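Here is what each chain is made of, one letter per residue.
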Amino acid sequence: MNIRYLTLLAAAMTSLASMAEKDTPNIVAHIMADSTNSVVQPAELYQRLIYIADDEPSREAAAPASSAGEAATSTSGSHQAGYRVQVFSDNNTRTAKNEARTKARQVSARFPHLSTYVKYTSPYWRLKVGDFRSRQEADEVADQLRKAFPAFSKEIRVVRDRINLSD
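Treat the numbers as computed from the prediction; the structure is a model and nothing was measured. (Residues numbered from 1 in each chain as written. Predicted model: local features only at pLDDT ≥ 70, side-chain atom pairs only at ≥ 80, totals over all residues. Heavy atoms only, no water.)

(A) Structural context of helix α5 (residues 96-110). Between its first and last C-alpha, α5 extends 21 Å over 15 residues, near the 21 Å set by a 1.5 Å rise per residue. Buried within α5 we find Ala96, Ala100, Lys103, Ala104 and Val107. On an axial view of α5, the arc spanned by its buried residues comes to 110°, and they lie on one face. Those residues of α5 that are exposed and angled more than 90 degrees off the buried face are Asn98, Arg105 and Ala109. Those residues of α5 hidden inside the fold are in contact with β1 (79-90), β2 (116-121), β3 (124-132) and α6 (135-148). (Helix = DSSP H or I, 4+ residues; strand = E, 2+ residues; numbered from the N terminus. Expected span 1.5 Å × (residues − 1). Buried < 20%, exposed > 50% of the residue type's maximum accessible area, 1.4 Å probe, protein only. Arc of directions from axis to C-beta. Contact = heavy atoms within 4.5 Å.)

Structural data, given as structure tokens:
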């Protein structure tokens, strides 16, 4: 009796699955149906995606026109694309937060002129140091940190980030 029930259940599930496939539109077929595909994105997203080097024009000049025909504007304030030195990154829910804060205190004690940032971006706690406009500046500080903290040296790396400007 159990075998009949299982056979009936399997047949019903197979039937439902085939009906769902017929009723559900296939995204690939939908995209391929027309030869023209366009991507619409907010100007703010574009501004976050572009690369800004020291010698390139500002974001306002490089941003595309918005759908209303107006030039996209950058967010006013003191943030810019740049570099930071990542000193720590871990996803251990029990220890990562405290370890990041402890390392931040150690770095701040040794290098008081450098800003430290402990941030949580699920699932990682990260410690980043400094606000550098160029990769070269960040590399120099990364080398100083490796010499000052040999135990951290495997984790120390330069990363692109939005930095705070101190004009």
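(B) Here's a closer look at the packing of aromatic side chains. The tally for this structure, following the rule as stated, stands at three aromatic pairs. Among the aromatic residues, those joined into a cluster by ring pairs are Phe111, Phe149 and Phe152. The ring centre of tyrosine 117 lies 3.7 Å from the NZ or CZ of arginine 84, which sits over that ring. (Phe/Tyr/Trp six-rings, centres within 6.5 Å; stacked < 30°, edge-to-face > 60°. Lys NZ or Arg CZ within 6 Å of the ring centre and 35° of its normal.)

(C) Spotlight on a nonpolar patch on the surface. On the surface, Leu6, Leu9 and Met13 cluster together into a nonpolar patch covering about 310 Å² of accessible area. If you trace the backbone, leucine 9 turns up in helix α1 (residues 2-23). Taking the relative accessible area as the measure of exposure, leucine 9 reaches 38% and is therefore partly exposed. (Patch = residues over 30% accessible without salt bridge, like charges linked within 9 Å, V, L, I, M, F, W, Y side chains within 5 Å. Areas by Shrake-Rupley, 256 points an atom, 1.4 Å probe, with all protein chains shown as cover. Salt bridge = Lys/Arg side-chain N within 4 Å of Asp/Glu carboxyl O.)

(D) Representation of the pattern of salt bridges in the model. Under the definition given, this model contains seven salt bridges. One salt bridge in this structure joins arginine 84 and aspartate 131, with 2.8 Å as the shortest N-O distance. Within this pair, whereas arginine 84 is found in strand β1, its partner aspartate 131 is found in strand β3, the two being separated by 47 residues in sequence. A salt bridge links glutamate 155 to lysine 103; its shortest N-O distance comes to 3.5 Å. Of this pair, glutamate 155 sits in the loop between α6 and β4 (157-164) while lysine 103 sits in helix α5, and the two are 52 residues apart along the sequence. Residue glutamate 155 is classed as partly exposed on the basis of its relative accessible area, which comes to 26%. Take lysine 103: its relative accessible area is 8%, and that puts it in the buried class.

(E) Focus on α6. With 14 residues, α6 should cover 20 Å at 1.5 Å per step; its first-to-last C-alpha distance of 20 Å lies within 8% of that length. Turning to α6, its buried residues number three or more, namely Ala138, Val141, Ala142, Leu145 and Ala148. Along the axis of α6, the buried positions cluster into a sector of 125°, meaning they face one direction only. Away from the buried face of α6 by more than 90 degrees, exposed residues Gln136 and Lys147 are located.

(F) Looking closely at unusual backbone geometry. Put simply, serine 122 and proline 123 share a cis peptide bond, and its omega is 0°. Here proline 123 lies in the loop between β2 and β3.

(G) Main features of the sheet that holds β4. Spatially, the four strands line up as an open sheet ordered β2-β3-β1-β4, and their pairing is antiparallel. The open sheet terminates on both sides in strands that have one partner only, identified here as β2 and β4. Across the sheet, the mean angle from the axis of one strand to that of its neighbour is 40°, orientation sign disregarded. Pairing of β1 with β4, which is carried by eight bridges, proceeds in the antiparallel orientation. (Pairing = 2+ DSSP bridges. Axes fitted to C-alpha atoms, helices over the stretch in contact; angles between N-to-C directions.)

(H) Structural detail: the side chain of aspartate 161. With respect to the helices and strands, the residue aspartate 161 is situated in strand β4. Within the local environment of aspartate 161, its side chain forms a polar contact with the side chain of arginine 84, the two groups lying 3.4 Å apart. Each residue touching aspartate 161, except ones within four places of it in the same chain, is listed here: Gln80, Ala81, Gly82, Tyr83, Arg84 and Lys128. (Polar contact = N/O pair within 3.5 Å; in protein donor to acceptor, adjacent residues only side chain to side chain.)

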